[in-house]
Amino acid sequence: MDSDNEPKKSKSKTPKTPKESVLKQKSPAEFFAENKNIAGFDNPGKSLYTTVRELVENSLDSAESISELPVVEIIIEEIGKNKFNSMIGLVDRERVDEALYDDFETAKAREKRLAKEARAQELLAKNASLGKKVKEPAAPKGMKGRGDASFYRVTCKDNGRGMPHDDIPNMFGRVLSGTKYGLKQTRGKFGLGAKMALIWSKMSTGLPIEISSSMRGQNFISFCRLDINIHKNIPHVHLHEKRDNKDRWHGAEIHLVIEGNWTTYRSKILHYMRQMAVITPYAQFLFRFISDVSDKNVTIRFSRRTDVMPPVPVETQHHPSSVDLLLIKRLITETSKQNLLHFLQHEFVNIGKSLAERLIGEMGPEFTPKMAVKSLTSQQIVRIHQLFRQAKFDDPSGDCLSPAGEYNLRLGIIKELHPDMVATYAGSAQVFEGHPFIVEAGVSVGGKDVKQGLNIFRFANRIPLLFEQGGDVVTRTAMKRISWNNYKINQTQDKIGVFASIVSTKIPFKGTGKEYIGDDISEIATAVKYAIQQCCIQLKSKIVRKIQAREQQERKRNLSRYIPDATNAIYDVLKEVSQFHALKKRRFEEEDANVLQKVHSRMITKDTLRDMLTQYVEKVDYEMAMEYATQSGVNEAPKEAIYIQALEAEYNFIDFHSSNFVFRLIQ
Ligand SMILES: Nc1ncnc2c1ncn2[C@@H]1O[C@H](COP(=O)(O)OP(=O)(O)OP(=O)(O)O)[C@@H](O)[C@H]1O
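Residues numbered from 1 in each chain as written. Predicted model: local features only at pLDDT ≥ 70, side-chain atom pairs only at ≥ 80, totals over all residues.

As for the overall build of the chain
Formally: Think of it this way: any DSSP run of H or I at least four residues long counts as a helix, any run of E at least two long counts as a strand, and we number them from the N terminus. With C-beta atoms placed from the backbone, a residue is labelled by how many other C-beta atoms lie within 10 Å of its own: buried for 20 or more, exposed for 12 or fewer, partly exposed between the two. Contact between residues is assigned whenever the C-beta positions, reconstructed from backbone atoms, fall within 7 Å.
Counting its secondary structure elements, the chain contains 16 helices and 16 strands. Counting across all 667 residues of the chain, residues that qualify as buried make up 32%. Looking at the chain alone, contacts between residues at least 24 apart form 75% of all its contacts between residues at least 6 apart.

Some details on the confidence of the model for the chain
The cut-off we apply is this: As a per-residue measure, pLDDT tells how confident the predictor is, with possible values from 0 to 100.
Here the chain shows a mean pLDDT of 86. Residues at 70 or above account for 88%. Within the chain, strand β3 (residues 209–214) carries the highest mean pLDDT (97), whereas strand β15 (residues 653–657) carries the lowest (64). Confidence drops under a pLDDT of 50 for residues 1–12, and excluding neighbours within four residues, the segment shows zero contacts in the predicted structure. At the level of chain-chain contacts, confidence expressed as ipTM amounts to 0.99, with global pTM at 0.76.

Digging into the site of the ligand
How we decide: Here, nearness means that the C-beta atom of a residue, built from backbone geometry, sits within 6 Å of the molecule or strand in question. Any residue outside Ala, Val, Leu, Ile, Met, Phe, Trp, Tyr, Cys, Pro, Asp, Glu, Lys and Arg is labelled polar, Gly included; the first ten of those are nonpolar and the last four are charged.
Looking at the ligand, there are 22 residues lining it, with N58, S62, G178, G188 and G193 nearest. For the shell around the ligand, the elements supplying multiple residues, two or more each, are α2 (44–65) and α6 (193–204). Residue contributions to the shell around the ligand peak at four residues, all from α2. Here the residues of the shell around the ligand sort into six nonpolar, 10 polar and six charged.

Examining the sheet that holds strand β6 (residues 251–260)
To keep things clear, this is the line we draw: Two strands pair under a simple rule: DSSP has to find at least two bridges between them. Interaxial angle, 0 to 180 degrees, is taken between N-to-C directions of lines fitted to C-alpha atoms, where a helix line uses only the stretch in contact.
Reading across the sheet, the eight strands line up as β5-β4-β3-β6-β2-β1-β7-β8 and stay open at both edges, with mixed pairing between neighbours. At either end of the open sheet lies a strand with only one pairing partner, and these are β5 (234–244) and β8 (298–302). Direction aside, the axes of adjacent strands within the sheet are offset by 15° on average. Pairing analysis gives five bridges linking β3 to β6, with the strands arranged antiparallel. Counterpart to E210 in the pairing with β6 is H255. Along the sheet, α6 contacts β3, β4 (220–229) and β6; its crossing angle with β6, the most-contacted strand, is approximately 40°.

Here's the deal with the packing of helix α13 (residues 473–481) against helix α14 (residues 522–582)
The following threshold applies: For classification purposes, angles smaller than 35 degrees are called roughly parallel, those larger than 145 roughly antiparallel, those between 65 and 115 roughly perpendicular, and all remaining angles oblique. Crossings are assigned a handedness: left-handed for a near helix turned anticlockwise from the far helix by less than a right angle, right-handed for a clockwise turn.
Between α13 and α14, the least distance of the axes is 10 Å, while the angle of their chain directions is 55°. Overall, the two elements α13 and α14 adopt an arrangement that is oblique. In the crossing of α13 with α14, the sense of the turn from one axis to the other is right-handed. Counted together, V473, V474, T477, A478 and R481 of α13 and I524, A525, V528, K529 and I532 of α14 form the full contact between these two elements.

Details of the domain arrangement of the chain
Many authors give the size of an interface as the accessible area that is lost as the parts come together. Worth spelling out the cut-off: Domains are outlined according to an automatic or database domain assignment.
Per the domain assignment, the segments making up the chain are domain 1 (28–87 + 148–302), domain 2 (320–390) and domain 3 (417–544). Placing a centre on the C-alpha atoms of domain 2 and another on those of domain 3 gives a separation of 39 Å.

Some words on α6
The cut-off we apply is this: An expected span of 1.5 Å times one less than the residue number is assigned to each helix.
Between its first and last C-alpha atoms α6 spans 16 Å; for 12 residues at 1.5 Å apiece the expected length is 16 Å, and the two agree. The element α6 is largely enclosed, with a buried count of 10 among its 12 residues. Buried residues along α6 sit against α1 (28–34), α2, α5 (168–173), β3, β4 and β6. Positive phi shows up at G206, right after α6, with a value of about 75°.

Section: the environment of D621
Within the secondary structure, D621 is located in helix α16 (residues 606–632). Look at D621 and you get partly exposed, because 17 C-beta atoms sit within 10 Å. For the pair D621 and K556, spaced 65 residues apart in sequence, the C-alpha separation works out to 6.4 Å. When sequence neighbours within four positions are dropped, the list of residues in contact with D621 reads R555 and K556.

Focus: the pairing of β3
Consecutive side chains along a regular strand alternate between the two faces of the sheet. Bridge count between β3 and β4: five bridges; the pairing is antiparallel. Residue pairing in the sheet places E210 in a bridge with R225 of β4. As consecutive antiparallel partners, β3 and β4 are separated by five residues, and within that stretch G217 has a phi angle of approximately 80°, a positive value.

Some remarks on the pairing of strand β2 (residues 150–158)
As defined by bridge partners, strand β1 (residues 71–79) adjoins β2 across seven bridges and the pair is classed as antiparallel. If you follow I74 over to β2, its bridge partner there is C156. As judged from the nine bridges shared by β2 and β6, these two strands associate in the antiparallel manner. Looking at β6, one finds that S150 is bridged to G260.

A few points about helix α12 (residues 406–417)
With 12 residues, α12 extends 16 Å from end C-alpha to end C-alpha; this agrees with the ideal 16 Å at 1.5 Å per step. All of the buried residues along α12 are E406, Y407, N408, L409, R410, L411, G412, I413, E416 and L417. The positive-phi residue at the C-terminal boundary of α12 is H418, with phi of around 45°.

Take a look at the structure:
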């Protein structure tokens, strides 16, 4: 019998008693603590950089929100291990069991390493004496143990709005809480940055954050020392009190101590500050790095170059084409409007009364303008959503946005790069997924500390973007989609600065780290390309004029170069012929005879000839230049934009743009 046909005995054992469920929950704070790289806290060095930028950006948002010209002071103080240990009350201990440590070296290994280093030094000295370029040898591996962390106290002080006393613990101790969630152009958005700095401080040093803050007209300063309960995502307040505010100071001052790495991120932090100064020339920044080793110290003051601040961005409503079902439901819950007509009219942009009525008519018979908006069923909300996706709406205007302005962008570029020439362009508002955005661009050629080739500077909502350059829409556009040759710019030889600043109510950053804007949104990619091209067109005409002026000079130089040889040759011939004439070997008539006579009697010499030729070259050159000028209509030097510094701040203005100038009309 085929055993396969035999019914098999079940091998399964009696089912186990159900295990305890493996389902777990995580708080947002726990999630971000475990995945801190997505918020820009990849390693100690990057964490120091991100902490600085989160604090600086909060300070700028805060000052600008009350139209105060920002004054921001940022101090990074290096704390040695001993000092750090004493701060946390830890007694320094001598090593006893040396072999236990990561950086332990046996005597033999040490001998080998020293010999290798000596050989490297010798080679270095030899190369230096031969005038060869010498590269510093890499720091010996394994000398710095993993545990040799560096600690820094970071302080950021501003003259901004400050914070309401009772809100401070949540603002700094609850992940995903903030005041910038509305539809508005701000640097901050996620309600995460300051909390990430605190989480990092908790993870690396265990020390709390300290916040002092006061709002305008407040007679007290709120002081709060807190850390965060990561498991529960709630602030853990150590001290929260009101202190005297004798000087009526307003603003915020934040202190925290974190692990970092100044050596590896020094240049990134300084670049960030420099670029922030470019895009925010109306702010004053003081940056200091303080260390026990005094020659490591850095103090840089980026002074204010203009008193004119871009207008404060305005909070706006959602565009109907940009909302999803959840958002419509939330707007219905939060609205103060009673009926559907008013809801549509007031909670969205670009829906006027008559369009709202037409939309309601189109929704179907069960919808009426007067129906209570809060009574809408889930299906009815889906219907509204469907119609929003299909109907045609005007694009949102860019009035709620606050671009840096050509004036500021240009000022910043000139101040920081000192280029030979620069062109700027401000595009008009455009739209992606219902969000308005504006692209401004600048292209410069030449300048100080600018390397050959493309130097790209990216800004999003007036934040400099320094990382992930490769995937960014601006980099890719500048490298791949602009034919620099067409504009007489040499992509590899010239020192080209490309600046692009994008502002929007929603910047489509890739990830929460605000590092770069992807290349996949065609509306943004097209606008970036157009803005850069517009700058290139302006530059091209300047470059062409420069080339023509140079060619003209060269032509003159070339002609002048032949004058001595031509003089010699002509004079030799004349002299020879004048001999014939004198000896009457050959007869010459009138004018010719006259000249030959003068050559013979030395009234015409080599010098006379040279002077006359020189005069002639000058004359021809002048005539050719005149002819060129009349043909091309250029009878003066190339025009340069002139910006006149405003004397007073805080007024309204309108900019008139033309390809040759920006004219600011102040009311
Ligand atoms: N220097 C400051 N002055 C005034 N308010 C501040 C300051 N720093 C932080 N805040 C307040 O704390 C809130 C939380 O800041 P946090 O940096 O965590 O998030 P965010 O700036 O809103 O968004 P993002 O995570 O995108 O930076 C801010 O929304 C702001 O209201």
